[in-house]
Amino acid sequence: GHKTFTMLKPDAVEKGHIGAILNQITASGFKITAMKLTQMTTADAETFYAIHKERPFFGELVEYMTRGPIVAAVLEKENAVEDFRTLIGATNPEDAAEGTIRKKYAASIGENAVHGSDSDENAEIEAAFHFAGREMF
Ligand code: GTP
Ligand code: MG
């Protein structure tokens, strides 16, 4: 497992944190092998987060993820999925470890600044959802 997929979510982009977050990601040993500024449609977000469609917060999640541009990126590093989830911290920033990206930049469990794939299989699916083959290096 050397690949993961990330999104810098609309709140992080709105607040001007793209540079600081990418700097922390690359300083932590991740190589960026695909990246773009893009905006998800409602259909995109409903598909990407389909696993959560029965959860009470699904509507809020789709609203949030579509309200503005995101940075989508593919990252490479040994043990990428697990190490990236350690770097971003717990889903709820109140529970996130000191120094993690969510601790530093997330406002709440609903607006938590960054996404990280939860398995090697999902990293492949999510990267292919956002990028054509020729956009991944
Ligand atoms: P991702 O990396 O974005 O997948 O986060 P995660 O794996 O840490 O959490 P999970 O997959 O369980 O939830 C996906 C996203 O749904 C979270 O990152 C939040 O943006 C949102 N979310 C999760 N729980 C809640 C909640 O209780 N309320 C709200 N409003 N949003 C939530
Ligand atoms: Mg998740």
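- As recorded in an unreviewed UniProt entry, the protein goes by the name Nucleoside diphosphate kinase, listed as coming from Psychroflexus salarius.
- Check the Subunit (unreviewed entry) section of the UniProt entry for the protein; it says "Homotetramer."
- Recorded in UniProt under Subcellular location (unreviewed entry), the annotation for the protein is "Cytoplasm".

**Here we look at the environment of Ala123**
And then number 1: Along the polypeptide, Ala123 turns up in helix α7 (residues 120-130).
And then number 2: Residue classification places Ala123 among the buried positions, given that 23 C-beta atoms sit within 10 Å.
And then number 3: For the pair formed by Ala123 and Glu60, sequence separation is 63 residues and the distance between their alpha carbons is 23 Å.
And then number 4: Setting aside chain neighbours within four positions, we find Ala123 in contact with Lys3, Thr4, Phe5, Val81 and Ser117.

**Some points on the site of ligand 1**
And then number 1: Around ligand 1, a shell composed of His52, Phe57, Glu60, Leu61, Thr91, Ile109, Gly110, Asn112, His115, Gly116 and Asp118 is seen.
And then number 2: In terms of residue class, the shell around ligand 1 is made up of 3 nonpolar, 6 polar and 2 charged.

**Some thoughts on the sheet that holds strand β4 (residues 114-116)**
And then number 1: With antiparallel pairing, the 4 strands of this open sheet are ordered in space as β2-β3-β1-β4. Of all strands in the sheet, those bounded by a partner on one side alone are β2 (31-38) and β4. Here the strands of the sheet are splayed against their neighbours by 15 degrees on average, with no regard to which way each runs.
And then number 2: Where β2 lies against strand β3 (residues 70-76), 7 bridges are found, and the strand directions are antiparallel. Counted as the bridge partner of Thr38 is Ile70 from β3.

**Some remarks on the environment of His52**
And then number 1: Mapped onto the secondary structure, His52 falls in the loop between α3 (42-48) and α4 (58-66).
And then number 2: Overall, the presence of 13 C-beta atoms within 10 Å leaves His52 in the partly exposed class.

**Side note on unusual backbone geometry**
And then number 1: Look at Asn79: it is not a glycine, yet its phi comes out positive at around 60 degrees.
And then number 2: The residue Asn79 is located in the loop between β3 and α5 (80-88) in this model.
And then number 3: Residues other than glycine seldom take positive phi values, yet Ala113 does so here, at roughly 75 degrees.
And then number 4: One can find Ala113 in the loop between α6 (101-105) and β4.
And then number 5: Exposure remark for Ala113: the 26 C-beta atoms within 10 Å place this residue in the buried category.

**Some words on the nonpolar core**
And then number 1: One finds Ile21, Leu75, Phe84, Ile101 and Val114 to be the most contacted residues of the largest nonpolar core, which totals 29 residues.
And then number 2: Among the elements of the structure, β1 (3-8), α2 (18-27), α4, β3, α5, α6 and α7 are those that each provide at least two residues to this core.

**A look at the UniProt feature "binding site: ATP" (unreviewed entry) in the protein**
And then number 1: Listed under "binding site: ATP" (unreviewed entry) in the UniProt record, and renumbered for this structure, are Lys9, Phe57, Arg85, Thr91, Arg102 and Asn112.
And then number 2: With respect to the element layout, Phe57 can be found in the loop between α3 and α4.
And then number 3: One can find Thr91 in the loop between α5 and α6.
And then number 4: Among the residues examined, Thr91 registers 14 C-beta atoms within 10 Å and is labelled partly exposed.
And then number 5: Among all residues touching Thr91, those that are not within four sequence positions of it are Ile109 and Asn112.

Conventions we followed
- Residues numbered from 1 in each chain as written.
- Chains lettered and ligands numbered in written order.
- Predicted model: local features only at pLDDT ≥ 70, side-chain atom pairs only at ≥ 80, totals over all residues.
- UniProt positions renumbered as here; feature names shortened; annotations may be inferred.
- Helix = DSSP H or I, 4+ residues; strand = E, 2+ residues; numbered from the N terminus.
- Buried ≥ 20, exposed ≤ 12 C-beta atoms within 10 Å, placed from the backbone.
- Contact = placed C-beta atoms within 7 Å.
- Near = placed C-beta within 6 Å.
- Nonpolar A, V, L, I, M, F, W, Y, C, P; charged D, E, K, R; others polar.
- Pairing = 2+ DSSP bridges.
- Axes fitted to C-alpha atoms, helices over the stretch in contact; angles between N-to-C directions.
- Core = buried A, V, L, I, M, F, W, Y, C linked by C-beta atoms within 7 Å.

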